[in-house]
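Overview (structure and organization)
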Amino acid sequence: MRVTKMSVLGLPVALTALLLTGCKGHRHSSGTDEFPRDQTLYLAGSQWGDPNSFNPLAESWQAAWPVGDKFNLMYEPLLSYNSLTGQVEPDLGTLVSKDNDSIVVDLNPAAKWSDGKPVTSDDVKFVFDLGRRYKDAATAFAVEFIAKIDVKTVDDKGVKTERLSFLVDKKGRNNPLVILDLLQAIRIVPAHVFEPLIAAANNDLGAVKKLKVDSAPVVSGPYTLQHYSNEKIVLERRDDYWGNAALHDGKLPAPKYIIHPIFKSNDAFAIALQKGDLDASQTFIPRIWQKFKDGVGTWDDKAPYYVPGAIPLLVINTTKAPLNDKNFRRAMAAAINYADIKELAVSGYANDLKPGLILPFGQEGKYFDEGEAAKHAVKTGIESAKKILADAGYKAVFKADGSLDYTTDKAGNKLPTLSIKSPAGWSDWEAMVNIAVKAMRDAGIDVREGFVDAGLYWPAKPSGDFDILMDKPAAAVTPSLPWSRFEALMSSRNWAPVGGDNKMNENQGRYNSPKSKDYNPKVDSLLKVIPITTDSAALKKAYTELNDIFLDDQPAIPLVYLPEQFYEFSTAAWTNWPTSKDPYAPPLLPWVGASTKILWQLKPVE
Amino acid sequence: MLKQHPTARFILQRAGWYLLTFLVAVTINFFLPRLGTSNPVDIILAKSTGGLSAQAAREKEESYLKEFGLVKLDGHGNILRDTTIRTVKVWDAAKQASVSKPDTLIKPIKASSLDQFFTYVKMSLSGDLGTSFQKYPKKVLDVIVQAVPWTIALQLPTIVFGWIVGNVLGALAAYRRGMFDRVFFPVALLVSSIPFFVFGMLLVYYFAVVLGWFPAMGGYADEIIPSFSFEFFGSVAYHYVLPFFSIFLILAGGQAIGMRSMGIYELGTDYIKYAKWLGIKESRVLIYLFRNAMLPQLTGLALSLGTMIGGALITEMIFSYPGLGMAMLSAIQNNDYPMIQGVTLIITTCVLIANFTVDIMIGFLDPRVKAGLQMGGN
Amino acid sequence: MKLLKNLLKSPMFVIGASLFFGTILVALFAPLFYSVTLDRVGEQYAAPGAGHLLGTDNLGRDYISLLIMGLRSSLYVGFLAGIIATAVGTLLGIYGGFKGGWIDDLLNMLTNLFIVIPSFVVLILISASFKDGRSLTLIGLIIGATTWTWSARAVRAQSSALKSRDHIWLARINGDGTLAILVKHILPYLLSYVFMVFILQIASGILSEAAISMIGLGPLDTQSLGVILNDAKSNGALGDGVWWAFIPSTVLITMIVFALYLINTSMEGVFNPRLRK
């Protein structure tokens, strides 16, 4: 019995051959009988973990795509905001008027649930009233803004239509802008399905929120859930969707199936797009221009490639020395090399940064006064930063090799090393922090990267347990921008000091404490007045004033512009995606807000 | 009575120690994540309370704490509150120092770790491993049951084939020496030095992206729904090739080296020389040789199989394979206590069973240990 | 001594040792000859060229600088982990193997406990309570503290086999205490074995550090070979064909581990002449 070389090596070779016989070529595969490729759309980037629940009443982090968050393929909101045009577009309802007293929406009489029953004001009132009845409902915060919902029936060209008036709670938050936000975010659910469920659970909403609602759900949207597993979620088109006739001239959405594969790591998306296995993706893919030759595209085929909508920034704990000195903060803002951040950290996906919290283009551009901003902003550059520090009495001591040793304040005390808290593993944020730290140290500011795990980052935000924190507030593009960005960083509404159990859900840097002698009441009064200002000249003046205060005090340091969501597509299987040359919808994946209409415009490749 | 049955005594003794180890391990794995400062509810809340008033946020927090069993409840299911006045340290910006202030918030009494432990033991004994915090409301057992088959499918054949092929090649090198050994040995050594995850990444890049011969990720094709069909299993096999090779080659290399050393060692022993000199047939000599050289290798195999459940993490990440590794990692990062407990329970069980089997196996196969038993030795 | 002369006769040892010590020399002294800098020297992922012979990373930094820094870190972690793992494992293994009985069983239980507790949990937990977060030292300590189980087993087997030898019986009859026997009669025999275990633990430490960094649990404030690989992966270098982002560090890791394996094998050959030819 001789053991020959051949029979030993033969084993793995034979095995491989066996495995290969069961395969097909995988470059944009031809699909299967069940999901033909020219009827199936593959999209990814909105679902990261295992899908566990499709309950529209659950928290947004619990429910899986497309129920969680702002997606409207199964359940729909009343209105839809087009971030490109600034228009409020109709969905289940149509906007009639908005003013400081109320926002009036007409419910579309054609709207129907998948079980045939019409969508009525009962359904709308049900979902908003849940917030009043139960403290743990997802709509609980809406009660602070909406005083009441009035319903009356009007005759619209011979069709009986329900007119809903959302009355602004003037005694409470008095903010019609946020109500508009809510109307395009909160999805309407069938009251006739959930009301009995709540009653059956003895009025315990928590028990109802635990239901999965994953088999034959009653929905109003263009698609419904067909199948899901830990690897993917499959939606199937509803051919009897009411909106096909009422909103899209009787056309059907092009893909019969939408499949969302769930990837486990970031680089998987880019590879899948390049191979044509994925049709669109919502992830940060660096150097997207190198993938154009594989049929990958994005909004623009030249810089900045994307449409910016959000501002990642450094939130500063303004209660801790030396960060409580606004000159120190301004020096930090001056030192950072913003051009490097734009080019290296986000592959150039942004316009040049302008001072302040207002995006200098798009819908927010009309509120930005460049001349005023230039007057209040710091002059950028390492030398300028050094001068600001020196003028404020800080002295930096450098080592022989040119690196920073330490810095002293006016009294000669050595300053502690400050740390920028940022979640480990978010590569674009990591790059931003690295670049910012390097520049600040060159200018004489003793700061270090403080990358931490998620378990330490998230709780530190509300509790204020940080020196400097990376964050991206008000990241979604909504009608209430840029106000919501200012509110998130400067409002003293719920001010509480750091320590104890004090948690703040906005202004985590504890800026502008009402108890301190430096309290500036103008900030809060501007924040209260802007949502109810209708005159555009007055609005611009108010925003300019607020932006100037922000630049003078610098409670946070904007780093770069990023898109609201990333938007990349592959033309291997589907074409006619919206781009800057054909901007028929905003650059978002086709289930978000006003971009849902992309589904009706896509064409399969022959 | 047991003294007459040394084998039985041996097995029972070993079993006893392993049971003890199991209990201690489960206890440690329960308390370890709770020693940290961050609480899973804090993480969930921080992600989902933007824009809420402080009062609303607090109420939400309490409802979660209650849901996850982290607070003490009274008989009616209401939260017990701590009404003693205590002070907390709050940062005073004017003084630039922490000052003690009376705590105005009346907080719920957190359930102690010990309470949670007893609840956990009670639930586990009835088969309920709890509900995951992060994947709420999914049950821990469901997550594990869905993920484990993929991890086992990835690891088991790879380990076994790598072991078989590696040992055969190593034995061959030991027996033949000469040219084959001179070339084979350094190559095997080099291959086993390559970090397997980089190897996996390179395989993906070259064979999946550049050449397009194999899929780059996933356990099976996106357009297939799992069922007992030839199409499904074919797709699984097709997606299996690259991950398999990324681990298999390096594993085989390592095994080959080990077996070669063992083989050479045994070949030079007196009893083999004697057997050859006696003229015993070569195949019989080889059998004696492998039996002895195999023992430490078998030990290694059993241990690899024991740790395989936790060991495929990086491969699963690179290939987006739906196994247990990713579930464990995200559970640990988000302080998902029940998930961590569930996963470590499985790992503990597997490793200990593997070690127990190895101990018993050595007891039976290694004549020196057997002799030691019969002499009534330790 | 004679041992060293025998080792030097083996070509495997010479190659392995020179490779390994070569990398140590580079790690220690390269900064004197080459300006190691973290400044931006070029475009993002610029190909190898003047000023950056091995290209640049995603922040435009010179890869040669990063590799030198990474080399130092990885070697440091490898040594730290190796020393701790070998020391702890040897102590426990020798004692348990020699004593046998319930002490041995108890130490076995301890070993099994450490195998069973996942190192990631400990890693995240401990790094959360330290102000510096996950530093190289912490990672080295934890790798060492969780991989000593292998050396313990190996040394225990040897110690257990040795204890029934004649000179040990003699020493016992003489009345030598356990500690004296261990130090005077067992340890010297095992020294060479322990050294080989040490070499393998260093190799394992370096590979573990790379693996841990790939998961994202690597050091948060310094470069290491694993961190370089992880950055390459998370910045999509692979998909874009930026080979200089991951090939050089892979080659370095493979080379160091290979060198250590060569040293180990050649030592095996010297201590066991039958393996040599």
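Our subject is the structure listed above.
Presented here is a report on the structure given in the accompanying data block. All figures in this text were calculated on a predicted structure; none of them were measured in a lab. (Residues numbered from 1 in each chain as written. Chains lettered and ligands numbered in written order. Predicted model: local features only at pLDDT ≥ 70, side-chain atom pairs only at ≥ 80, totals over all residues. Heavy atoms only, no water.)

1. So, the packing of helix H5 (residues 140–176) of chain B against helix H12 (residues 324–333) of chain B
Residue and element names in this part refer to chain B. In the contact formed by H5 and H12, the axes pass within 7 Å of each other and the chain directions differ by 130°. Accordingly, the angle class assigned to the pair H5 and H12 is oblique. Counting all contacts with H5, which are made through Val143, Ile144, Ala147, Val148 and Thr151, the residues of H12 involved are Leu324, Gly325 and Ala327. Of the residues belonging to the contact of H5 with H12, the class tally is 6 nonpolar, 2 polar and no charged. (Axes fitted to C-alpha atoms, helices over the stretch in contact; angles between N-to-C directions. Helix = DSSP H or I, 4+ residues; strand = E, 2+ residues; numbered from the N terminus. Parallel < 35°, antiparallel > 145°, perpendicular 65-115°, else oblique. Contact = heavy atoms within 4.5 Å. Nonpolar A, V, L, I, M, F, W, Y, C, P; charged D, E, K, R; others polar.)

2. Comments concerning the pattern of salt bridges
Residue and element names in this part refer to chain A. Counted according to the given criterion, the structure contains 40 salt bridges over all chains. When the shortest N-O distance is used, the salt bridge between Lys461 and Asp471 registers 3.2 Å. Here Lys461, found in helix H13 (residues 454–463), pairs with Asp471, found in strand E19 (residues 468–471); they are 10 residues apart in sequence, far enough to count as distant. For the pair formed by Lys461 and Asp471, the shared burial category is buried. (Salt bridge = Lys/Arg side-chain N within 4 Å of Asp/Glu carboxyl O. Buried < 20%, exposed > 50% of the residue type's maximum accessible area, 1.4 Å probe, protein only.)

3. Re the interface of chain C and chain B
Between chain C and chain B, the residue contacts involve 45 residues of the former and 49 residues of the latter. Taken over both partners, the interface formed by chain C and chain B buries close to 4,300 Å², and the fraction arising from carbon and sulfur atoms is 76%. Summed over the shared surface of chain C and chain B, the number is 1 salt bridge. Among the salt bridges present, the one from Asp105 of chain C reaches Arg14 of chain B, with a minimum N-O distance of 3.1 Å. Here chain C is connected to chain B by 3 residue pairs in polar contact (both at pLDDT 80 or more). If one sorts the elements of the side of chain C that touches chain B by residue count, helix H10 (residues 247–271) of chain C sits on top with 10 residues. Tallied by class, residues from the side of chain C that touches chain B come to 30 nonpolar, 8 polar and 7 charged. (Buried area = accessible area lost by both parts, 1.4 Å probe. Polar contact = N/O pair within 3.5 Å; in protein donor to acceptor, adjacent residues only side chain to side chain.)

4. Considerations on the sheet that holds strand E14 (residues 313–316) of chain A
All names here are of chain A. Here we have 5 strands laid out as an open sheet, ordered E18-E17-E19-E14-E20, and mixed in their pairing. A single partner strand is all that each edge strand has here, and the edge strands are strand E18 (447–452) and strand E20 (556–558). With strand direction ignored, the average angle separating the axes of adjacent strands in the sheet is 25°. Against the sheet, helix H8 (residues 326–335) makes contact with E14, strand E17 (418–423), E19 and E20, and its axis sits at roughly 15° relative to E20, the strand it touches most. (Pairing = 2+ DSSP bridges.)

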